Every structure is written in C-alpha cells, then in structure tokens.
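Structural overview for review
So the chains spell out like this:
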Amino acid sequence: MKRLNVGIFFNARRGQGGLFQYALTLIHCLGHHSAAHTYILFFATLEEPAASIADFPFPSVYLPRPAVQLRMAIEYLLMLTGRAGLRAPIRFVPRYRRIDQENLDLMIYVKPTMHSFMWPYRSVFPIHDLQHLLQPSFAEVSSKGERSRREFIYRNAVPNAGAVLTDSEIGREDVLSHYSVDPPRIHALPFLAPPYLTMNPSPAHCERIRSRYSLPKQFFFYPAGFWPHKNHAILIRALQILKTDFHTEIDVVFAGGYGLEYSSLQSLAASNEVSDRVHFLGYVPDEDIYPLYRLATALVMPTYFGPTNIPIIEAWNLDCPVVTSDIRGLREQVGDAGLFARPDDAAGWASALHRIVSEPELPPTLIQHGREKVRAWTPRDYASRLESILSLSVSNGAS
C-alpha cells in the first residue's frame, strides 16, 4: 500500500450536530488507529477547534480567519445560485495557498461541500443520506431551495470523486441509484459512536445528572432536534395510549435545542394530558448526554430518516435498550438489537414501549445484542477500512 499525503479539510460546525460529531469521530479514528498514510488537518472554521482534537498526533494548520471568511462569503453566494436551480459548477472559490504548499495526494472533506469539485485535489467525502430525493415531503430537506442546493453539490461532486463514503450498504445503493458514478468509487463506512467521549460515566455522575435535570426514576430518552422528520409527536401520542389502554405511565425526555416544533409539541402534550410526563431539556452538552443514556429505560427513536443513525450506536455502547423506526436501513442496522415500530403507528409505539417496561427479560437481551454489534465494528476497524478506501481512491484514476 503506497503511503499517501492526505489532507483533512475540517469545516464542520458544532451547530451541525451529528455531522460535526461524525467529523470528530473520523479524525479521532485516524489519529489513534492509523498507520498507512500521512495526514495534515486544515481548520477552515470560525469556531475554536473542539478540545478533543488537541491530541490529534498529526500536523494541524489553522487557515487565516480573513481567508476563511472570504471563502465562506463566496460559498454562500454560490449556494444561493445552487438553491435557485443552477446545476453546472462555477469555479469561483479560490484555493488556500497554504494547502497548495502541501502537495497532497488527496483531500478528505468531512462533509459534502462544493470545494470537492471546485478544487483540484482528489476528493473523498461522505454522503449520509439522500432524503431530499427519497422523502421530499419533509420541508427541511426540500423547501426554500434545499433540494436544489444538495443536488448542486452531489451532481457535480459524485461523478468525479475519488471516493464517496456512505453509512451503509443501503446508503451505497441509494447513491448508485441516483447518480452516474463508477460503483467502485462508492464505499460503505458504517458510523461509530464518538469514541472521544467517555463511554463509562460513573453511577455517582449519572445521579448528579438525574438531579441536575430533575429526572424521574424511569424515562425513555430521545436526543434529537425538533425537526418534523424526527417525529417526536408519535411518542407523545404513544404516552397517551400507554396511559389509557395499558394503564402505564412513564416519562419521555427530549434533549435538543428549543425551536422548530417545540411549541407545537408542548401543545400536543397538553391536549393528550401527558404534559407532566414530557420533559424538554433543551440543548444538552456532550458530557451530559452519555449519563442520560445510562439512566434511560430505553432510547426511543421514531425518525422517518435513515439509512442508519448514530444515537442507536451510542445507546448500544452504554447498555441502553433501543426502540426505533421500522424503516429501510434501520431494520438492517439494528437487527435483533432493538425493537421496532412504524413511524406513523402510535399504537405500535405504545406496545413496544410497554414491552420494555413489562417484560423483565427483554432489556437485558437487547443490551447483550447491542454489545455484540459494538464489538463487531471498532474504531480500529473503522480506521483500517478508511485507509484502504483512501488507497483505492488514488488507484481508481478519479480526478
């Protein structure tokens, strides 16, 4: 395997949630488990780097703030044209002189970006889902030009990419179905839970978190922003069915920034007479999230979107049972390590949640199956697979 000189272009922002965590996970795995190639990390963000990057063992370059601001402004203007339906690229984002000096064999972009087809570096980047094509009824992926913006990037970037990373074989199938690209350039690289966060919060720390947020003894946990596709509402309806049909009352805890559907969910909880059982924590810092998994009766994730999701893996790492949507992608990701309910079936969700609290043998079984999933795909596996993909991206002749 030829040793490559690889750049990592880090322009993910904390406010991008799972995408930001994905970027940090990729860096962590390469930083602690890589051996085949040489890396240099380029920060192209106006934020201070995350503390977890401090021990990255390879050189880091902080691109000049004025240069970053200029390129972000140009990128924003070009994105407006993309939202308006422009398909052909306008090669107008100037390169960074500092990056040109490194004589890179290829560049890893930590998120889909127009730089991957406007700059000459051989590109490797992720596509986490194509929901703007598969489920355009959700405004957050299709309205206000969002569908056109995504297509502007993907249709220009995918055909000539050295490698495109997907979260699963199903994600790979979706890319191959919608874009003209050589199949060997599309690679499944499954998600990992962020390995730079502690997976073993102490019982005392967990109880401090319970006290800090005034949480009950038992609760279901859903860490997700209040987007329509996250489908918080079905859980509120399920709580009402649990109360009336199963004579069971249990709480649900939502962790995510206020806004979007927050007010309507409050009203829905009131109209279903379960307001006292629904807890809105708002934004929760990373160091508090994992104790919440440990305290929770189960992770509940009724999302409409896949193909796979990181909170499920986080739950498995923290011995938290999983209940999630019965949809393509998640069925394959979870297998026998969770329960399923259709995302539009409140009664099905109520039944699944009732099983978690009424069948004592079920949670330990799900936890054990989750542990097996975690052992089957480790940070070392992730880094080894990614380094092999990087080598292939150079040998396949892409530009």
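Conventions adopted
- Residues numbered from 1 in each chain as written.
- Predicted model: local features only at pLDDT ≥ 70, side-chain atom pairs only at ≥ 80, totals over all residues.
- Heavy atoms only, no water.
- Phe/Tyr/Trp six-rings, centres within 6.5 Å; stacked < 30°, edge-to-face > 60°.
- Helix = DSSP H or I, 4+ residues; strand = E, 2+ residues; numbered from the N terminus.
- Buried < 20%, exposed > 50% of the residue type's maximum accessible area, 1.4 Å probe, protein only.
- Expected span 1.5 Å × (residues − 1).
- Arc of directions from axis to C-beta.
- 1 Å grid on protein atoms, 1.4 Å probe; cavity = no way out; pocket = protein on both sides within 12 Å on 5 of 7 lines; lining within 4 Å.
- Points joined across faces, edges and corners; volume = space filled by probe spheres on them.
- Nonpolar A, V, L, I, M, F, W, Y, C, P; charged D, E, K, R; others polar.
- Axes fitted to C-alpha atoms, helices over the stretch in contact; angles between N-to-C directions.
- Parallel < 35°, antiparallel > 145°, perpendicular 65-115°, else oblique.
- Left-handed = near helix turned anticlockwise from the far one by under 90°.
- Contact = heavy atoms within 4.5 Å.
- Pairing = 2+ DSSP bridges.
- Right-handed = clockwise from strand over helix to strand, strands pointing away.
- Salt bridge = Lys/Arg side-chain N within 4 Å of Asp/Glu carboxyl O.

**Considerations on the packing of aromatic side chains**
Across all of its chains, the model carries 23 aromatic pairs by this definition. Ring plane angle 85° and centroid distance 6.2 Å describe the contact between Phe-226 and Phe-254, whose orientation is recorded as edge-to-face. You can see Phe-226 sitting in the loop between strand 8 (219-223) and helix 9 (232-245) and its partner Phe-254 sitting in strand 9 (residues 251-255), a full 28 residues away along the chain. Accessibility assignment for this pair places Phe-226 and Phe-254 in one class, buried. In textbook terms, an aromatic cluster arises when at least three aromatic residues are bridged by ring pairs, as seen for Phe-9, Tyr-96, Tyr-109, Trp-119 and Tyr-121.

**So, helix 2 (residues 65-83)**
For helix 2, with 19 residues, the first-to-last C-alpha span of 26 Å sits near the 27 Å given by 1.5 Å per residue. Taken together, the buried positions of helix 2 are Ala-67, Val-68, Arg-71, Ile-74, Glu-75, Leu-78, Met-79 and Gly-82. Each buried residue of helix 2 lies within a common arc of 145° when the element is viewed along its axis, so the set occupies one face. Exposed and oriented more than 90 degrees from the buried face of helix 2 are Pro-66, Tyr-76 and Leu-77.

**Here we look at the layout of surface pockets**
Considering only enclosed or pocket space, the second largest pocket measures out at about 480 Å³ in volume. Surrounding the second largest pocket, 25 residues form its lining, Pro-190, Phe-191, Ile-313, Trp-316 and Trp-377 being those nearest its centre. Every element with two or more residues in the lining of the second largest pocket is listed here: helix 7 (169-178), helix 12 (310-317), helix 13 (330-334) and helix 15 (362-375). No other element matches helix 12, which puts 3 residues into the lining of the second largest pocket. Looking at the lining of the second largest pocket, its residues break down into 15 nonpolar, 6 polar and 4 charged.

**Topic: the packing of helix 9 against helix 10 (residues 262-271)**
In contact at an axis separation of 9 Å, helix 9 and helix 10 are set at 10° when each is read in the N-to-C sense. Overall, the two elements helix 9 and helix 10 adopt an arrangement that is roughly parallel. Of the two elements, helix 9 crosses helix 10, and the hand of that crossing is right-handed. Seen from helix 9, the contacting residues are His-232, Ala-233, Ile-236 and Arg-237; seen from helix 10, they are Leu-265, Leu-268 and Ala-269. Partitioning the contact of helix 9 with helix 10 into residue classes produces 5 nonpolar, 1 polar and 1 charged.

**Things to note about the side chain of Gln-21**
The residue Gln-21 is located in helix 1 (residues 18-33) in this model. Given the relative accessible area of 14%, Gln-21 is considered buried. Here Gln-21 is in contact with Pro-194, Tyr-196 and Asp-286, once residues within four sequence places are set aside.

**Side note on the sheet that holds strand 1 (residues 5-10)**
Taken in spatial order, the 7 strands make up an open sheet running 3-2-1-4-5-6-7, and their pairing is parallel. For this open sheet the edge positions go to strand 3 (60-62) and strand 7 (186-188), each flanked by a neighbour on one side alone. Averaged over neighbouring strand pairs, the angle between their axes works out to 20° when direction is ignored. Taken together, the 2 bridges between strand 4 (residues 106-109) and strand 5 (residues 123-126) define a ladder with parallel strand orientation. Residue Met-107 lies in a different strand from strand 5, and its bridge partner there is Ser-123. Each of strand 1, strand 2 (38-43), strand 4, strand 5 and strand 6 (163-166) is contacted by helix 1, which is oriented at about 155° to strand 1, the strand it contacts most.

**Overview of the pairing of strand 2**
The buried count for strand 2 comes to 5 of 6 residues, which makes it a mostly enclosed element. For strand 1 and strand 2, the ladder comprises 6 bridges, and the chain directions are parallel. Following the sheet pairing, Phe-10 is matched in strand 2 by Phe-43. With helix 1 bridging strand 1 and its parallel neighbour strand 2, the resulting β-α-β unit is right-handed.

**With respect to helix 10**
For helix 10, the set of buried residues is Tyr-262, Leu-265, Leu-268 and Ala-269. Buried residues in helix 10, looked at end-on, bunch into an arc of 120°, giving them a common side. Contacts from the buried residues of helix 10 go to helix 9 and strand 10 (278-280). In the stretch just after helix 10, Glu-273 is the one whose phi turns positive, near 60°.

**Focus on the pattern of salt bridges**
Applying the stated criterion to the full structure yields 20 salt bridges. The partner of Arg-95 in a salt bridge is Asp-100, and the shortest N-O contact between them spans 3.0 Å. Close ionic contact of Glu-102 with Arg-98 constitutes a salt bridge, the shortest N to O distance being 2.5 Å. Classification of Glu-102 as partly exposed rests on a relative accessible area of 22%. The network of salt bridges with shared partners includes Asp-129, Glu-146, Arg-149 and Arg-150.

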